[in-house]
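Spelled out from the first residue to the last, the chains are:
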Amino acid sequence: MLEVDYSQRLSGLIEQVHWDIQLPVELSDYFASNGEASNSFPTDERSNQRISIRTRGLLWSDVALPFCPRPNRPIGIYTRDFSRTGAGFLSSVQFFPEEELRVVLPTFWVRVRVTRVRRLGEACFEIGTILLHKYSPSLDAFEPSLEPQMESTH
């Protein structure tokens, strides 16, 4: 029953969120690309194989930086890829390295730390993160962070 509640809550929030990611023209077939991911650039030396998983998800800021407080409401994202140790996604919001985020997806949710940000367009940022913790579906994914918004406990 809990998984059904999780799925229903996620679906409802995904429909309520304002989707303002503006994909660049070169990404017009973005959601058609799933499976093993190729390197993004010739000098890409990642330690773990990435898998392209393209879906919509929600993101909350759990630990923001002092110069950039974040509201405690979900932001719609498009997932890009996952590996054992990290994840990439597209967002209309620019995040900064060291911010900690909660990403909620249909089959699991994760806490991640931003490591890389690249602007792809006016309202499209590619965000690279490292995985802090992966969770099974639970309603805890939708609860406000218990950590302070302005400082990290790490």
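As a starting point, this report considers the structure included with it.

The rules behind the values
Throughout this document, residue positions are counted from 1 along each chain, in the order its sequence is written. For a predicted model such as this one, the threshold for reporting local features is a pLDDT of at least 70, and the threshold for listing and counting side-chain atom pairs is 80 or more; totals across whole chains, interfaces and linings nevertheless cover every residue. Heavy atoms from the whole structure form the basis of all side-chain values; hydrogens and water molecules are not counted. Think of a nonpolar core as a cluster: buried Ala, Val, Leu, Ile, Met, Phe, Trp, Tyr and Cys residues, connected wherever their side-chain atoms sit within 4.5 Å. Only protein chains enter the calculation, and the probe is 1.4 Å; a residue is then buried if its accessible area is under 20% of its type maximum, exposed if over 50%, and partly exposed in between. Strands are runs of DSSP state E lasting at least two residues, helices are runs of H or I lasting at least four, and both sets are numbered from the N terminus onward. The criterion used for residue contact is that any of the two residues' heavy atoms lie within 4.5 Å. Stacked, tilted and edge-to-face are the three classes assigned to paired rings of Phe, Tyr and Trp, where Trp is represented by its six-membered ring and a pair needs centres within 6.5 Å; plane angles under 30 degrees give stacked, over 60 edge-to-face, the rest tilted. For this analysis, a salt bridge means a side-chain nitrogen from Lys or Arg found within 4 Å of a carboxyl oxygen belonging to Asp or Glu.

Take the nonpolar core next. Within the largest apolar cluster, 16 residues are counted, with the highest numbers of intra-cluster contacts made by Leu59, Phe89, Phe95, Leu101, Val103 and Ile127. Listing elements by their share of this core, those giving two or more residues are strand S4 (75-82), strand S5 (86-91), strand S6 (100-104), strand S7 (109-121) and strand S8 (124-135). Once residues lying within four places of it in the same chain are set aside, the contact partners of Leu59 are Arg73, Pro74, Ile75, Ile77, Phe89, Phe95, Leu101, Arg102 and Val103. The next biggest cluster of nonpolar side chains, apart from the first, holds 11 residues, and it includes Leu13, Trp60, Trp109 and Ala141.

A word on the packing of aromatic side chains. Aromatic ring pairs: the centre-centre distance and the angle between the two ring planes describe each pair. Enumeration over the complete set of coordinates arrives at 9 aromatic pairs. Both rings, one in Trp60 and one in Phe142, keep their centres 6.1 Å apart while their planes meet at 75°; by these two values the pair is edge-to-face. Remark: Phe142 occurs in the segment after S8 and Trp60 occurs in strand S3 (residues 56-63); sequence separation between them is 82 residues. Overall, Trp60 belongs to the buried group, its relative accessible area being 5%. The class for Phe142 is buried, based on a relative accessible area of 6%. Here Phe67 and Phe96 contribute two aromatic rings whose centre-to-centre distance is 5.2 Å and whose plane-to-plane angle is 65°, an arrangement assigned as edge-to-face. Taken as a pair, Phe67 in the loop between S3 and S4 and Phe96 in the loop between S5 and S6 lie far apart in primary sequence, 29 residues in all. In this structure Phe67 comes out as exposed when scored by relative accessible area, which is 57%.

Summed over the entire model, instances satisfying the criterion amount to 10 salt bridges. A salt bridge links Arg70 to Glu99, with the shortest nitrogen-to-oxygen separation between them at 2.9 Å. With Arg70 in the loop between S3 and S4 and Glu99 in the loop between S5 and S6, this residue pair connects regions lying 29 residues apart in the sequence. The partner of Arg116 in a salt bridge is Glu126, with the nearest N and O atoms 3.2 Å apart. One end of the pair, Arg116, is in strand S7; the other, Glu126, is in strand S8, and 10 residues separate them in sequence.

Attention now goes to unusual backbone geometry. Excluding glycine, residues mostly carry a negative phi; peptide bonds, for their part, are mostly trans. Despite not being glycine, Glu98 has its phi angle at roughly 90°, a positive value. Relative to the elements of secondary structure, Glu98 occurs in the loop between S5 and S6.

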